[in-house]
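# Chain and residue survey
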Amino acid sequence: MFGRFRQHGHREESERRFARGEFGFGGRHFGGHHGYGRHGWGGGRMGRLFEQGDLRFIILSLINEKPRHGYEIIKAIEDKLQGLYSPSPGVIYPTLTLLEEMGYVTVAQAEGNKKLYAITDEGRAFLASNQSAVNLVMEKIAEATRRFGGGIQPQILRAMENLKLALQMRLAKGGLTEEQVTRITAIIDAAASDVERV
């Protein structure tokens, strides 16, 4: 009896967290914010692309198409956004756990730590009752890819930011000798030449 009570209480807490959107839409992209830094998503002139909690609809919709592993979900979202955005495992897997706790998905198969998630009847009913919200999220994705698709890949943008940050941190220390200035300049010039030859 006590086990059942704890499980019921845990589910109620999960539902409260779900409603608050605690598992939102985080990931890896240029700018380090919950949006698209180079295009103004995430606090810029375009505002936020996704609201908190939108990720649950995307994940459920993908699993509704077919059972998927967590990694497959990450890649599917990357594909839908044409490389503009890559959700982090630290966001995907907690959301999957929450969806499982709420009864919307179940683990159809597990191989070690690799789980295959399938949607439940309750999950399908949840999607159906929130179809307008699901459609809105998908429209946001379509608009983002239509306006910004085919741009610089996130990996390149991340590398650019890393270089910029490394330079800022080194220059902030001050005290560069003439030899160090020459060396840093040569490294940057060499990298630029290598990129041109790719």
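Remember, it's a predicted structure, so these values are computed and weren't measured experimentally.

### With respect to the packing of aromatic side chains
Summed over all chains, the structure comprises two aromatic pairs. When the ring of Phe 57 is compared with that of Phe 126, the centres are 5.8 Å apart and the planes differ by 15°; the resulting orientation is stacked. Here the residue Phe 57 occupies a position in helix H2 (residues 54-65), and Phe 126 occupies one in helix H5 (residues 121-129), the gap between them amounting to 69 residues. Each member of the pair Phe 57 and Phe 126 is classed as buried. Seen from their ring centres, Tyr 104 and Phe 126 are 4.6 Å apart, and the 20° between their planes marks the pair as stacked. Note that Tyr 104 is positioned in the loop between helix H4 (89-101) and strand S4 (105-111) and Phe 126 in helix H5, a separation of 22 residues in sequence. Aromatic ring contacts, followed pair by pair, group Phe 57, Tyr 104 and Phe 126 into a single cluster.

### Examining the packing of H2 against helix H3 (residues 70-80)
Between two packed helices, the angle of one axis relative to the other and the distance separating the axes together describe the packing. Interhelical geometry of H2 versus H3 gives an angle of 105° and a closest axis separation of 11 Å. Judged by the inter-axis angle, H2 sits roughly perpendicular to H3. Packed against H2, whose contacting residues are Leu 55, Ile 58, Ile 59, Leu 62, Ile 63 and Glu 65, the element H3 presents Ile 73, Ala 76, Ile 77 and Lys 80 at the interface. Its residues assigned to classes, the contact of H2 with H3 comprises eight nonpolar, no polar and two charged.

### Overview of the nonpolar core
Within soluble globular proteins, side chains that are nonpolar tend to cluster in buried spots. Core analysis: the largest hydrophobic core is formed by 30 residues, its most contacted members being Ile 59, Leu 60, Ile 63, Ile 73, Ile 77 and Ile 92. Broken down by element, the residue count for this core peaks at seven residues, all from H2. Leaving out residues up to four positions away in the same chain, Ile 63 has contacts with Arg 68, Ile 73, Leu 96, Val 105, Tyr 117, Ala 118 and Ile 119.

### Things to note about the sheet that holds strand S2 (residues 68-69)
Within a sheet, each strand pairs with its neighbour through backbone hydrogen bonds, oriented either parallel or antiparallel. Taking strand neighbours across the sheet as the criterion, the three strands line up as S2-S5-S4 in an open arrangement whose pairing is antiparallel. Edge positions in the sheet fall to S2 and S4, since each has one partner strand and no second. Both S2 and strand S5 (residues 114-119) contribute to a ladder of two bridges, which runs antiparallel. Residue Arg 68 lies in a different strand from S5, and its bridge partner there is Tyr 117. Strands S2, S4 and S5 of the sheet are contacted by H2, whose axis makes an angle of about 85° with S5.

Reading the values: the criteria
- Residues numbered from 1 in each chain as written.
- Predicted model: local features only at pLDDT ≥ 70, side-chain atom pairs only at ≥ 80, totals over all residues.
- Heavy atoms only, no water.
- Phe/Tyr/Trp six-rings, centres within 6.5 Å; stacked < 30°, edge-to-face > 60°.
- Helix = DSSP H or I, 4+ residues; strand = E, 2+ residues; numbered from the N terminus.
- Buried < 20%, exposed > 50% of the residue type's maximum accessible area, 1.4 Å probe, protein only.
- Axes fitted to C-alpha atoms, helices over the stretch in contact; angles between N-to-C directions.
- Parallel < 35°, antiparallel > 145°, perpendicular 65-115°, else oblique.
- Contact = heavy atoms within 4.5 Å.
- Nonpolar A, V, L, I, M, F, W, Y, C, P; charged D, E, K, R; others polar.
- Core = buried A, V, L, I, M, F, W, Y, C linked by side-chain atoms within 4.5 Å.
- Pairing = 2+ DSSP bridges.

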